[in-house]
Amino acid sequence: MTKTFIAEIIEGQPVTSYFLAKQLQVRQRRSGEPYVTLVLSDRTGDLPAVMWEGVDESVRGLSEGDILKVQAVLGSYHGEPQLTVTRARKATPDEVSADDYLPRTERDPVALAADLDATVEAMGDPHLKRLLQELLTDPATRGAFTAAPAAKAIHHAVLGGLLEHTVSVVGLCRLLADYYPAVNRDLLLAAAMLHDLGKVKELTWDRVFDYTDAGRLLGHITLGALMVEERIRAIPDFPPELANSLLHCILSHHGELEWGSPKRPKTLEAIVLHYAENLDGKVNSFLGFAQRC
């Protein structure tokens, strides 16, 4: 069966297709009869949905994160699009392709990763170069780094979004290092490449974008600093001052304590990284909002 994507659904026309249940709740009407509210999703967007009839035990057994085969009609509720579902069941693995349900960066991940590799190769500081080579060539870390979103929502919330965001921040920092000669270029670019590394442990991206337990308890800034500090300790004679400067950039890149930074930026490289990272996130959020309008 050919999948109909959310962006292709026409108001008033019946649709039978497969969607990810991003949210699903069984509720009760005043009469005591059950009904189901859902947010159905695929890589083209989300739609709220409601199922008024046929809420039997099989429907009650459905869960958030399931991919469902649904029959529905698109209408509206309070002026907003809403699907009315008449039948729903859990899809079998052979009926669906995982690529249909999570948005993916439109940029080529191979080219993005090659951009980072070239930046590492051009680095003059031998300690930072070795650190980056060891972190970014580790198969598990590299695989997660190229696949992960940069956020659960807000900016770069797509598969490959972390890589896309990182390459963009590196590019901005390269421009700013050219403009401000006082900046330690290698330190700034290394910090730009590693500032969000902890998101590979903060987030999950199997069926939905969500937080891991470690992500909820520690957050990506702390997780990233721990990952980098652990690898630094394995490199003989890594300069302590350089280590502190790099870790400070990672720990302060959100800029303010109330924005989640354990420290505020206190070095030139940390200040530049914060504003570059913040700018890229804001621009991506704006462009995403503009596309939805």
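Student: How should I be thinking about the layout of surface pockets in this particular structure?
Tutor: A probe as big as a water molecule, rolled over the atoms, marks out the empty space that is left. A volume near 450 Å³ is recorded for the second largest pocket. Mapped onto the lining of the second largest pocket, the elements with two or more residues apiece are helix H7 (199-202) and helix H11 (268-292). Of all the elements, H11 adds the most residues to the lining of the second largest pocket, at six residues. For the lining of the second largest pocket, the class distribution of residues is seven nonpolar, seven polar and six charged.

Student: I'm lost on the sheet that holds strand S4 (residues 67-77) in this one. Help?
Tutor: Strands in a sheet are paired, the pairing made by backbone hydrogen bonds, and the direction either parallel or antiparallel. The strand order around the closed barrel built from five strands is S1-S2-S3-S5-S4, with neighbouring strands paired in mixed fashion. This sheet shows a mean twist of 50° between the axes of neighbouring strands, independent of strand direction. Sheet topology note: the strand S1 (residues 14-28)/S4 ladder contains seven bridges and is antiparallel. Bridge pairing links Val 15 to Ala 72 in S4.

Student: Looking at this structure, I do not really get the packing of helix H5 (residues 161-179) against helix H6 (residues 185-194). What am I missing?
Tutor: The description of two helices packed together rests on the angle between their axes and the distance between the axes. At a closest axis distance of 8 Å, the pairing of H5 and H6 adopts a crossing angle of 165°. In terms of their interaxial angle, H5 and H6 are classed as roughly antiparallel. Like other packed secondary-structure pairs, H5 and H6 cross with a definite hand, here right-handed. For the pair H5 and H6, the contacting residues are Thr 166, Val 169, Val 170, Cys 173, Arg 174, Ala 177 and Asp 178 in the first and Arg 185, Leu 188, Leu 189, Ala 192 and Met 193 in the second.

Student: Would you mind going over the pattern of salt bridges with me for this structure?
Tutor: Once their charged atoms are close, side chains differing in charge can pair, the charge on each being opposite to the other. Counting across every chain of the model gives 16 salt bridges. Between Asp 178 and Arg 185 there is a salt bridge, with its nearest N and O atoms 2.6 Å apart. Between Arg 264 and Glu 256 there is a salt bridge, and its shortest N-O distance comes to 3.1 Å. One network of salt bridges, in which partners are shared, links Lys 152, Asp 210, Asp 213 and Arg 216.

Student: Quick question: what am I supposed to make of the environment of Val 120 here?
Tutor: Relative to the helices and strands, Val 120 resides in helix H2 (residues 109-121). For the pair Val 120 and Leu 135, spaced 15 residues apart in sequence, the C-alpha to C-alpha distance is 11 Å. Apart from the residues within four sequence positions on either side, Val 120 is in contact with Lys 129, Leu 132, Gln 133, Leu 136 and Met 193.

Student: Sorry if this is basic, but what is going on with the side chain of Gln 82 here?
Tutor: Its place among the elements puts Gln 82 in strand S5 (residues 80-90). Using a relative accessible area of 17% as the deciding quantity, one classes Gln 82 as buried. Beyond its immediate stretch of four places on either side in the chain, Gln 82 contacts Pro 48, Ala 49, Val 50, Val 73, Leu 74, Gly 75, Ser 76 and Tyr 77.

Student: How should I be thinking about the pairing of S5 in this particular structure?
Tutor: A regular strand places its side chains so that they alternate between the two faces of the sheet. Sheet topology note: the strand S3 (residues 45-51)/S5 ladder contains two bridges and is parallel. Within S5, the residue paired with Val 50 across the bridge is Thr 84. What sits between S4 and S5 in their antiparallel hairpin is a turn of two residues, with His 78 showing a positive phi close to 55°.

Student: So what exactly am I meant to see when it comes to empty space enclosed by the protein here?
Tutor: Under the counting rule described, the total for this entry stands at one cavity of 30 Å³ or more. In this structure, the largest cavity encloses a volume near 50 Å³. Within the residue set of the lining of the largest cavity, elements represented by two or more residues are H2 and helix H4 (139-147). Of the residues in the lining of the largest cavity, the class split is five nonpolar, one polar and two charged.

Student: I'm lost on the nonpolar core in this one. Help?
Tutor: For soluble globular proteins, the rule of thumb is that nonpolar side chains tend to be buried together. Formed by 48 residues in total, the largest nonpolar core has its most connected members in Leu 131, Leu 194, Val 228 and Leu 246. Going through the elements one at a time, H2, helix H3 (126-137), H4, H5, H6, helix H9 (219-233), helix H10 (240-251) and H11 are the ones with two or more residues in this core. For this core, the element with the highest residue contribution is H6, accounting for eight residues. Once residues within four sequence positions are removed from consideration, Leu 246 is found in contact with Leu 128, Leu 131, Leu 187, Ala 190, Ala 191, Leu 194, Val 228 and Ile 232. Among the nonpolar cores identified, the runner-up in size contains 22 residues, and Val 59, Ala 72, Leu 74 and Leu 83 belong to it.

Student: Help me out: how do you make sense of the environment of Pro 103 in this one?
Tutor: Inspection of the secondary structure assignment puts Pro 103 in the loop between S5 and H2. Separated by 58 residues in sequence, Pro 103 and Gly 45 place their C-alpha atoms 8.2 Å apart. Discounting residues that sit within four places of it in the chain, Pro 103 has contacts with Arg 43, Ala 157, Val 158, Leu 159 and Phe 209.

Parameters at a glance
Residues numbered from 1 in each chain as written. Predicted model: local features only at pLDDT ≥ 70, side-chain atom pairs only at ≥ 80, totals over all residues. Heavy atoms only, no water. 1 Å grid on protein atoms, 1.4 Å probe; cavity = no way out; pocket = protein on both sides within 12 Å on 5 of 7 lines; lining within 4 Å. Points joined across faces, edges and corners; volume = space filled by probe spheres on them. Helix = DSSP H or I, 4+ residues; strand = E, 2+ residues; numbered from the N terminus. Nonpolar A, V, L, I, M, F, W, Y, C, P; charged D, E, K, R; others polar. Pairing = 2+ DSSP bridges. Axes fitted to C-alpha atoms, helices over the stretch in contact; angles between N-to-C directions. Parallel < 35°, antiparallel > 145°, perpendicular 65-115°, else oblique. Left-handed = near helix turned anticlockwise from the far one by under 90°. Contact = heavy atoms within 4.5 Å. Salt bridge = Lys/Arg side-chain N within 4 Å of Asp/Glu carboxyl O. Buried < 20%, exposed > 50% of the residue type's maximum accessible area, 1.4 Å probe, protein only. Core = buried A, V, L, I, M, F, W, Y, C linked by side-chain atoms within 4.5 Å.

As far as function goes, none of this settles anything; it's purely spatial.
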